[in-house]
Amino acid sequence: DETSMDLPALSFPDARREEGMIAVGLEKNLKLSTKNVKKLRPVGLKELQREGFAPKDDKSEIVSGYRFVGSGYGLGLEIEKRKTRITANIERSFRIEETGVTTDDRIRFRILYAPVRTLEVEVPETIGKDARISGSDIQEKRYRQKEGRGIWEITLHAPAMGGYDLIVAMEERLPEIRTGQ
């Protein structure tokens, strides 16, 4: 979904000269394109910061800026939502015993641009339903099989944004180990 609009301009009929700066702030889950730039000179983000422009809150960022002299300036904006981007950093620990292998995984998700309420974790089908999954704010865990893999769907009570951690513990039995000859 995309929305287009023109930046509203102010004018001051009694002013002898008009000049100023424009900072364009945007929520981090949105993406911006500009078009029809008229009588505006781009300025860098560092210059905007020096002039005192700052994001409204931690969910926003300043993405562009312009300097103008005189009236009649214009700027067209095209705004669209960004797709959610999820990265996962996995810390794995294996413990091998005579009877099996125990795996403890800490999955540190980084969720960018748009919050998610559901996450999926794929586990070997042989372990499947026996995997133990824990984390904060979990409302429901559902297991299904798909193409030889076990998939856990984890639904949260509230959408998560930024960082979210899950713990996955699995045990797999080993065939009997024979003593060497």
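Quick summary incoming for the structure in this document. (Residues numbered from 1 in each chain as written. Predicted model: local features only at pLDDT ≥ 70, side-chain atom pairs only at ≥ 80, totals over all residues. Heavy atoms only, no water.)

**What about the overall build of the chain?**
Then, number 1: A count of helices and strands for the chain gives one helix and eleven strands.
Then, number 2: Of the regular secondary structure in the chain, the N- to C-terminal order runs β-β-β-β-α-β-β-β-β-β-β-β.
Then, number 3: The C-alpha extent of the chain, read off along each of the three principal axes, is 100 × 30 × 25 Å.
Then, number 4: Looking at the chain as a whole, 31% of its 181 residues qualify as buried.
Then, number 5: For the chain, long-range pairs separated by at least 24 residues make up 72% of all intrachain contacts whose partners lie at least 6 apart in sequence.
Then, number 6: Total accessible area on the chain is roughly 12,800 Å²; 46% of this is exposed by carbon and sulfur atoms. (Helix = DSSP H or I, 4+ residues; strand = E, 2+ residues; numbered from the N terminus. Buried < 20%, exposed > 50% of the residue type's maximum accessible area, 1.4 Å probe, protein only. Contact = heavy atoms within 4.5 Å. Areas by Shrake-Rupley, 256 points an atom, 1.4 Å probe, with all protein chains shown as cover.)

**Regarding the pairing of strand E5 (residues 60–69)**
Then, number 1: Where strand E2 (residues 19–27) and E5 come together, nine bridges link them in antiparallel fashion. Across the sheet, the residue bridging to Ile 22 is Tyr 66, located in E5.
Then, number 2: With three bridges connecting them, strand E4 (residues 41–43) and E5 associate as antiparallel partners. Bridge pairing in E5 links Pro 42 to Tyr 66. (Pairing = 2+ DSSP bridges.)

**Structural notes on the nonpolar core**
Then, number 1: Ranked by size, the top nonpolar core spans 20 residues in total, and within it Phe 109, Val 121, Val 123, Trp 152, Ile 154, Tyr 164 and Leu 166 carry the most contacts.
Then, number 2: Mapped by element, the contributors of at least two residues to this core are strand E8 (100–124), strand E10 (138–146) and strand E11 (149–173).
Then, number 3: Examining the composition of this core, we find that eight residues originate from one element, E11, more than from any other.
Then, number 4: For Leu 166, the contacting residues outside a window of four places in its chain are Asp 105, Arg 106, Ile 107, Phe 109, Val 121, Ile 133, Ser 134, Gly 135, Ile 138 and Ile 154.
Then, number 5: Grouped together as the second largest cluster of nonpolar side chains are eleven residues, Leu 30, Tyr 66, Phe 68 and Tyr 73 included. (Core = buried A, V, L, I, M, F, W, Y, C linked by side-chain atoms within 4.5 Å.)

**Some remarks on the environment of Thr 34**
Then, number 1: Tracing the backbone through its elements, the reader meets Thr 34 in strand E3 (residues 30–38).
Then, number 2: It is 23 Å that separates the C-alpha atoms of Thr 34 and Arg 50, two residues lying 16 residues apart in sequence.
Then, number 3: Sequence-distant contacts of Thr 34, defined by excluding residues within four places in its chain, comprise Tyr 66, Leu 75, Gly 76 and Leu 77.

**Comments concerning the sheet that holds E2**
Then, number 1: The strand order E2-E5-E4 describes an open sheet built from three strands, whose pairing is antiparallel. Lying at the two open borders of the sheet, with one neighbouring strand each, are E2 and E4. Neighbouring strand axes in the sheet, compared pairwise and without regard to direction, differ in orientation by 30 degrees on average. (Axes fitted to C-alpha atoms, helices over the stretch in contact; angles between N-to-C directions.)

**Description of the side chain of Asp 105**
Then, number 1: Within the secondary structure layout, Asp 105 lies in strand E8.
Then, number 2: Look at Asp 105 and you get buried, because its relative accessible area is 6%.
Then, number 3: What Asp 105 contacts, discounting residues up to four positions off in sequence, is Ile 90, Glu 91, Arg 92, Ser 93, Leu 166, Ile 167, Val 168 and Met 170.

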